[in-house]
Amino acid sequence: MPKVRSEKTSRVHHVKAAQGINFNTSVGQHILKNPLIINSMIEKSALRATDTVLEIGPGTGNMTMKILEKVKKVNACELDPRMAAELQKRVQSSNMLSKMNLIVGDVLKLNQLPFFDVCVANLPYQISSPIVAKLLLHRPFFRSATLMFQKEFAERLVAKPGDKMYCRLSVNTQLLARVDMLLKVGKNNFKPPPKVESMVVRLEPINPPPAVEYAEWDGLTRIAFNRKNKTLGAAFSSTSVLNLLEKNYRTRCSLKNMAIPPNFCMKMKILELLKSGEYDAKRARTMDQDDFLNLLHLLNVNDIHVV
């Protein structure tokens, strides 16, 4: 009698949830399943009964349901309509439907985030960097954000000058917020498990923020950290940077009716300025926030602008 071949199950990159939903890991769908971790994140968020909470990527609502019990309102932003429908059904079966505002779509494409006091989220890791930027530039100021990140990303957020992980993300984030590591989270606390370890981080916006135009600051750190081991003298000597600085310089001189010498050389001007402030031999990886603020001031008072 011939052998009956057992049907092989194809290996796919998603896992079937109890509700019959296929989790799509390509868009960061890793549902936090451990109630102890969920409770810890909520506890560390210090929620108040009068709070409005923003939750990004609520999934099937494991954390949403517990947040709803503690606050006035939850604005939940979910990209996947299937997850949103499951969350809607779950909340409808409770007595808390009136407390939830469900936004279905890409949170990064929202012109303005809904009002919130606190953000609590197990974020899709692919959007970590743009979400941090969007949150920190959001107005009015919120009290805090308790967020789940990939461990390596979290380490970059809190890194200090001279650390291996110190980068543009570190200095840009720490300009606008106090950053604290709260909790390490193993991959088995998620369904399906991600390939990396995770960490919960709290961001508390600095209010009022430093008196600096953020676009200028961001442009400066982009140049400095393009090759963070290069000296600033080398970083500012690249053709693309010099062309940008000269274009901006000529525009501002024109607006101020300032004459530009016929033999003007942007490279010579920028290197002289860097040397006058003893920045020419410095490297971005060793510079702290004050170093960048002082450098930006030096450039701007001499009509050098990066945007």
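That block above? That's the structure.
Small disclaimer: the values here were computed from a predicted structure and weren't measured.

Observations regarding the overall build of the protein
On a plain count of helices and strands, the protein comes out with 11 helices and nine strands. Its C-alpha atoms give the protein principal-axis dimensions of about 90 × 65 × 35 Å. Counting the 307 residues in the protein, one finds 44% classified as buried. Sequence-distant contacts, at least 24 apart, represent 69% of the contacts inside the protein between residues at least 6 apart.

Thoughts on the sheet that holds strand S6 (residues 144-150)
An order of S4-S3-S2-S5-S6-S9-S7 is seen for the seven strands of this open sheet, with the pairing classed as mixed. Two strands bound the open sheet, and with one partner strand each, they are strand S4 (100-104) and strand S7 (177-185). Within this sheet the neighbouring strands show an average axis-to-axis angle of 20°, counted without direction. Against the sheet, helix H4 (residues 128-136) contacts strand S2 (52-56), strand S5 (118-122), S6, S7 and strand S9 (198-205), and its axis sits at roughly 170° relative to S6. Strand contacts of helix H6 (residues 168-176): S7 and S9, with the helix running at about 115° to S7, the strand carrying the most contacts.

Topic: the pattern of salt bridges
Here the structure, examined in full by the defined rule, presents 11 salt bridges. In this structure, Asp51 and Arg143 form a salt bridge, with 2.7 Å as the shortest nitrogen-oxygen distance. Taken as a pair, Asp51 in the loop between helix H1 (35-44) and S2 and Arg143 in the loop between H4 and S6 lie far apart in primary sequence, 92 residues in all. Judged by relative accessible area, which is 26%, Arg143 ranks as partly exposed. The closest approach of N and O atoms between Glu204 and Arg202, which form a salt bridge, is 3.7 Å. Look at Glu204 and you get partly exposed, because its relative accessible area is 25%. Sharing partners across several salt bridges, the network here consists of Arg168, Asp218 and Arg222.

Regarding helix H10 (residues 266-276)
Three or more residues of H10 are buried, namely Met266, Ile270, Leu273 and Leu274. The arc that holds the buried residues of H10, viewed along the axis, is 100°, so those residues lie on one side. Residues of H10 that are exposed and point over 90 degrees away from its buried face: Met268, Glu272, Lys275 and Ser276. Taken together, the buried residues of H10 touch helix H8 (232-235), helix H9 (239-255) and helix H11 (289-301). Where H10 ends, the next residue or the one after it, Glu278, has phi of about 60°, a positive value.

Remarks on the environment of Leu299
Mapping Leu299 onto the fold places it in helix H11. Sequence-wise, Leu299 and Arg168 are 131 residues apart; in three dimensions their C-alpha atoms are separated by 19 Å. Leaving out residues up to four positions away in the same chain, Leu299 has contacts with Leu220, Phe236, Ile270, Leu273 and Ile304.

Here's the deal with the packing of aromatic side chains
Applying the stated rule across the entire model yields six aromatic pairs. Ring centres of Tyr166 and Phe225 lie 5.8 Å apart, and the angle between their planes is 70°; on these two criteria the pair is classed as edge-to-face. Taken as a pair, Tyr166 in the loop between helix H5 (151-158) and H6 and Phe225 in the loop between helix H7 (214-224) and H8 lie far apart in primary sequence, 59 residues in all. Here a set of aromatic residues connected by ring pairs shows up, and it is made of Tyr166, Trp217, Phe225 and Phe292.

What to know about the packing of H6 against H7
Direction vectors running N to C along H6 and H7 enclose 155°, while the axes themselves pass 10 Å from each other. Classed by the angle they form, the pair H6 and H7 counts as roughly antiparallel. Of the two elements, H6 crosses H7, and the hand of that crossing is right-handed. Counted together, Arg168, Val171, Asn172, Leu175 and Leu176 of H6 and Tyr214, Trp217, Asp218, Thr221 and Arg222 of H7 form the full contact between these two elements. In terms of residue class, the contact of H6 with H7 is made up of five nonpolar, two polar and three charged.

Thoughts on the nonpolar core
Among soluble globular proteins, nonpolar side chains are generally buried collectively. Counting residues in each nonpolar core, the largest one holds 61 residues, and the members touching the most others are Leu135, Phe236 and Phe292. Residues in contact with Leu135, not counting those within four places in the same chain, are Leu54, Leu113, Phe116, Cys119, Phe142, Ala145 and Leu147. Of all hydrophobic cores here, the second largest spans 25 residues; its members include Ile38, Ile67, Val74 and Val200.

Conventions adopted
Residues numbered from 1 in each chain as written. Predicted model: local features only at pLDDT ≥ 70, side-chain atom pairs only at ≥ 80, totals over all residues. Heavy atoms only, no water. Helix = DSSP H or I, 4+ residues; strand = E, 2+ residues; numbered from the N terminus. Buried < 20%, exposed > 50% of the residue type's maximum accessible area, 1.4 Å probe, protein only. Contact = heavy atoms within 4.5 Å. Pairing = 2+ DSSP bridges. Axes fitted to C-alpha atoms, helices over the stretch in contact; angles between N-to-C directions. Salt bridge = Lys/Arg side-chain N within 4 Å of Asp/Glu carboxyl O. Arc of directions from axis to C-beta. Phe/Tyr/Trp six-rings, centres within 6.5 Å; stacked < 30°, edge-to-face > 60°. Parallel < 35°, antiparallel > 145°, perpendicular 65-115°, else oblique. Left-handed = near helix turned anticlockwise from the far one by under 90°. Nonpolar A, V, L, I, M, F, W, Y, C, P; charged D, E, K, R; others polar. Core = buried A, V, L, I, M, F, W, Y, C linked by side-chain atoms within 4.5 Å.

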